[in-house]
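# Chain and residue survey
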Amino acid sequence: MAYTFQGQDIVAPFRLSSNEPVFSADSISLKVRRVKQGAQRWEMEFKVVMTDASSTFADMVTNFHEKVTLEMPQLNVRGEVISSGTSTSTITTSSGVEAAGDDTIAISGLLTGKTINKGRFIKFSSHDKIYLVTETVTGDGSDFLKIYPSLRQSITSGTQVLYRDTTDAITFTAYRDISNVQGITYTDGVLSDLGTISLIEAL
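Cut-offs and rules
- Residues numbered from 1 in each chain as written.
- Predicted model: local features only at pLDDT ≥ 70, side-chain atom pairs only at ≥ 80, totals over all residues.
- Heavy atoms only, no water.
- Pairing = 2+ DSSP bridges.
- Helix = DSSP H or I, 4+ residues; strand = E, 2+ residues; numbered from the N terminus.
- Core = buried A, V, L, I, M, F, W, Y, C linked by side-chain atoms within 4.5 Å.
- Buried < 20%, exposed > 50% of the residue type's maximum accessible area, 1.4 Å probe, protein only.
- Contact = heavy atoms within 4.5 Å.
- Phe/Tyr/Trp six-rings, centres within 6.5 Å; stacked < 30°, edge-to-face > 60°.
- Arc of directions from axis to C-beta.
- Axes fitted to C-alpha atoms, helices over the stretch in contact; angles between N-to-C directions.

### Observations regarding the sheet that holds strand β1 (residues 4-5)
One open sheet accounts for 6 strands, arranged β1-β2-β5-β20-β17-β6; its pairing is antiparallel. Pairing within the sheet leaves two strands with one partner each, and these edge strands are β1 and β6 (68-71). The pairing of strand β5 (residues 41-49) with strand β20 (residues 197-201) spans 4 bridges and is classified as antiparallel. Note on β20: the bridge partner recorded for Met44 is Leu199.

Next up, the structure:
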C-alpha cells in the first residue's frame, strides 16, 4: 500500500520511533532505577518522490509552522503491510468512561472469531492521538483492546475505534521538525529533492 505526504509518494528509508522520556540512574549498589515521565509521542522521518515540486515547495515554505496530516503508515512484515485483522465491523468502546492512563479498553462490535492484529496503529474518534495495538484481540463476546501508550485523555462509552484501511481515517497529525531545511534541491536542473522530512506528533 502506498502512503503519501502532501500528494507525494513516501519512499524508504522510512523511520518511525516512539519518543518516551525515561530517567535512569545507578544506585551506590549498582541497582538500576528507571522512571517513566508519562509522556509519549510518535516521530517519523522519510523521503518523498517529487512529482510536483513547485506546489509542494510553495506549501512547505508558507505553511511550515502549521499542523500537517497524513494517513498513518502501518508497519510491514516481510514486505506486506500488517492488516487490520479479519474484523471489518464497526468497533466502539463499551464500558462507561475509560480514564486517561488506562491501557486496556473494553470494546464491543468485534464479531466472534474475528481479530484486530497486534502491531496495528489505531485511533479513537474523540481525539487525534495514535495508539499501537499490543496484543491481537479475537472476538469472544467480552473483548479488551490493549494499547500503547496508555490513553492520553478519557473516552466515553460508544466512542468509535478507527482501525480499518480505507474505511476509517487513521490520520497522523504532526508538526514539521523546525530543524528541517525549508528548501528544495535540484540535483541536475530537473530532478528535485526535499531531503529528509521529519515529523513529530502534535499533542
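### Brief notes about the nonpolar core
In this structure, Phe5, Phe46, Val48, Phe172 and Leu199 are the most contacted members of the largest nonpolar core, which totals 24 residues. Contributing elements (two or more residues each) for this core: β5, α1 (53-62), β6, β17 (171-176) and β20. No other element matches β5, which puts 4 residues into this core. If we skip the residues at most four places from it in the chain, Leu199 touches Phe5, Trp42, Glu43, Met44, Phe46, Val68, Leu70, Phe172, Ala174, Tyr175 and Arg176. Among the nonpolar cores identified, the runner-up in size contains 16 residues, and Ile116, Val133, Leu145 and Ile155 belong to it.

### A few points about the packing of aromatic side chains
One pass over the structure, following the stated rule, counts 5 aromatic pairs. Where Phe14 meets Phe46, the ring centres are 6.1 Å apart and the plane angle is 20°; that geometry is what we call stacked. One end of the pair, Phe14, is in strand β2 (residues 8-19); the other, Phe46, is in strand β5, and 32 residues separate them in sequence. Here Phe14 falls in the partly exposed class, since its relative accessible area comes to 33%. With a centroid separation of 5.9 Å and an interplanar angle of 75°, the aromatic rings of Trp42 and Tyr148 are classed as edge-to-face. Of the two residues, Trp42 sits in strand β5 while Tyr148 sits in strand β15 (residues 143-148), which places them 106 residues apart along the sequence. What links up through ring pairs into an aromatic cluster is the set Phe5, Phe14 and Phe46.

### Observations regarding α1
Note that an α-helix has 3.6 residues per turn; residues three or four places apart therefore point the same way. Among the residues of α1, Ala53, Thr56 and Met60 are the ones counted as buried. Buried positions in α1, seen along its axis, are confined to an arc of 70° and lie on one side of it. Along α1, the residues that are exposed and aim more than 90 degrees away from the buried face are Ser54 and Thr62.

### A closer look at the sheet that holds strand β16 (residues 160-162)
If you walk around this closed barrel you meet the 6 strands as β9-β10-β15-β13-β12-β16, and the pairing is antiparallel. The average angle at which neighbouring strand axes cross in this sheet is 50°, direction not considered. Bridging between strand β9 (residues 91-93) and strand β10 (residues 104-108) involves 2 bridges; their strand directions are antiparallel. Bridging across to β10, Thr92 finds its partner in Ser108.

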